[in-house]
Amino acid sequence: MNDIDPEEDGGIRQVTERIGVVFQDPDAQLVQGRVEDEVAFGPENMRCDKKEVEHRVAESLDAVDLSDYRMDNVHNLSGGQRQRAAIAAVLSLETPILVLDEPAASLDATAKERLLLLLNKLRGQGCTIVTLSGRIDEFAAAAGRLIVLEHGKIILDGPSQHLLERERVSLVKLGLLPDRIQREGYASSTLEAEGQPQIGSSVKPLLKIKDLSYAYDLNKGDVLKNINLSLYAGEWLLLCGKTGREDDTVASVHGSAHTS
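Reference entry: report on the structure contained in this document. (Residues numbered from 1 in each chain as written. Predicted model: local features only at pLDDT ≥ 70, side-chain atom pairs only at ≥ 80, totals over all residues. Heavy atoms only, no water.)

### Topic: the side chain of Gln83
Phase 1: In this fold, Gln83 is placed in helix 4 (residues 79-91).
Phase 2: The buried category is assigned to Gln83, whose relative accessible area is 0%.
Phase 3: Filtering out sequence-adjacent residues up to four positions away, Gln83 remains in contact with Gln24, Pro26, Glu102, Pro103, Ala104, Ala105, Ser106 and Leu107. (Helix = DSSP H or I, 4+ residues; strand = E, 2+ residues; numbered from the N terminus. Buried < 20%, exposed > 50% of the residue type's maximum accessible area, 1.4 Å probe, protein only. Contact = heavy atoms within 4.5 Å.)

In structure tokens, the structure reads:
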């Protein structure tokens, strides 16, 4: 990633400064008592000065509409609020790559729409975004690129709207779309996928995955099989697979450096 090898000395630290990961279960990554402390935890560990930490905390909480809960205990928040707190904690790191696993799982309609607007804004600022889902939802319409996994392999990869229109039957068979769905339902979403960044042959990928295979249990075979994938600055893609399997595993494997 950015010519950084995680296996080299200091590589893990450099990678964690470039990839922010939000898990589907916010309780798996909330480690502080107060909301304010949770969001400040990352910047403080990055040795940001006090003024910068305050700036990042205020901006991140405002972005997820949690400013009024700044001094609350995270464990007293609702599920959706805890999820927003986890998102704010990762936003405060200001990483160029943001990975979100089922980011709207606990959010109501208003919070979900706010998150979509936020992610679109971040992408416009050059942030590379990867959202992971076990189904096609509003994020598919907003993401410019859709990647579909089956049995650990990439079977579809292309512009989201193109795949939603041309590969609908395949997506239904995979269980990513219901049998009956109005195509206009996606077209009427508040956010439509904007043009993806123009990627030429001379542009280096921000993150490159090469021949990635992974197994939780060697006796049960690989969950991921020879995954090859490149991500570029300012790109937003949606990675789809069976819930709790392929998509989650890609996030976990590449987020393990962040959480270890």
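### Describing unusual backbone geometry
Phase 1: Phi at His151 takes a positive value of approximately 55 degrees, unusual for a residue other than glycine.
Phase 2: Summarising the element assignment, His151 is placed in the loop between strand 4 (145-150) and strand 5 (153-159).
Phase 3: For Asp211, which is not a glycine, the phi torsion comes out positive at approximately 50 degrees.
Phase 4: Mapped onto the elements, Asp211 comes out in strand 6 (residues 207-214).

### Let's talk about the layout of surface pockets
Phase 1: Taken as a whole, the second largest pocket holds about 530 Å³ of empty space.
Phase 2: For the second largest pocket, the lining is made up of 18 residues, of which Glu59, Leu91, Leu118, Leu122 and Gln125 are closest to its centre.
Phase 3: For the lining of the second largest pocket, the secondary structure elements donating two or more residues are helix 3 (50-63), helix 4 and helix 5 (109-124).
Phase 4: Its residues placed into classes, the lining of the second largest pocket shows eight nonpolar, four polar and six charged. (1 Å grid on protein atoms, 1.4 Å probe; cavity = no way out; pocket = protein on both sides within 12 Å on 5 of 7 lines; lining within 4 Å. Points joined across faces, edges and corners; volume = space filled by probe spheres on them. Nonpolar A, V, L, I, M, F, W, Y, C, P; charged D, E, K, R; others polar.)

### Comments concerning the nonpolar core
Phase 1: Counting 35 residues, the largest nonpolar core has Leu98, Leu119, Leu122 and Trp236 as its most contacted members.
Phase 2: When contributions to this core are tallied by element, the ones reaching two or more residues are helix 2 (35-45), helix 3, helix 4, strand 2 (97-101), helix 5 and helix 6 (138-142).
Phase 3: Counting 19 residues, the second-largest nonpolar core is a separate cluster that includes Val99, Leu132, Leu149 and Leu207. (Core = buried A, V, L, I, M, F, W, Y, C linked by side-chain atoms within 4.5 Å.)

### Some points on empty space enclosed by the protein
Take a probe with the size of a water molecule and roll it over the atoms, and the empty space left behind shows itself.
Phase 1: Scanning the entire structure with this criterion turns up two cavities of 30 Å³ or more.
Phase 2: What lines the second largest cavity is a set of 11 residues, among which Pro103, Leu132, Ser133, Asp137 and Phe139 lie closest to the centre.
Phase 3: Residue contributions to the lining of the second largest cavity peak at three residues, all from strand 3 (residues 128-133).

### A look at the pairing of strand 5
Phase 1: Pairing of strand 4 with strand 5, which is carried by six bridges, proceeds in the antiparallel orientation. What sits directly across from Leu146, in strand 5, is Gly158.
Phase 2: Remark: two residues form the turn of the hairpin made by strand 4 and strand 5, two consecutive strands paired antiparallel; His151 in that turn has positive phi of roughly 55 degrees. (Pairing = 2+ DSSP bridges.)

### Brief notes about helix 4
Phase 1: When the terminal C-alpha atoms of helix 4 are compared, their 18 Å separation across 13 residues agrees well with the 18 Å that a helix rising 1.5 Å per residue should span.
Phase 2: The element helix 4 is extensively covered by neighbouring structure, given that 12 of its 13 residues are classed as buried. (Expected span 1.5 Å × (residues − 1).)

### Quick look at the pattern of salt bridges
Phase 1: In this structure the tally under the stated criterion is 10 salt bridges.
Phase 2: Asp27 is paired through a salt bridge with Arg82; the nearest N and O atoms lie 2.9 Å apart. Note that Asp27 is positioned in the loop between strand 1 (19-22) and helix 2 and Arg82 in helix 4, a separation of 55 residues in sequence.
Phase 3: Classification of Arg82 by relative accessible area gives buried; the value is 18%.
Phase 4: The residue Arg70 makes a salt bridge to Glu54 at a minimum N-O spacing of 2.6 Å. Residue Arg70 is located in the loop between helix 3 and helix 4, and its partner Glu54 is located in helix 3; the two are separated by 16 residues in the primary sequence.
Phase 5: One salt-bridge network, held together by shared partners, links Arg34, Glu36, Asp37, Glu54 and Arg70. (Salt bridge = Lys/Arg side-chain N within 4 Å of Asp/Glu carboxyl O.)

In short, geometric facts, not functional conclusions.
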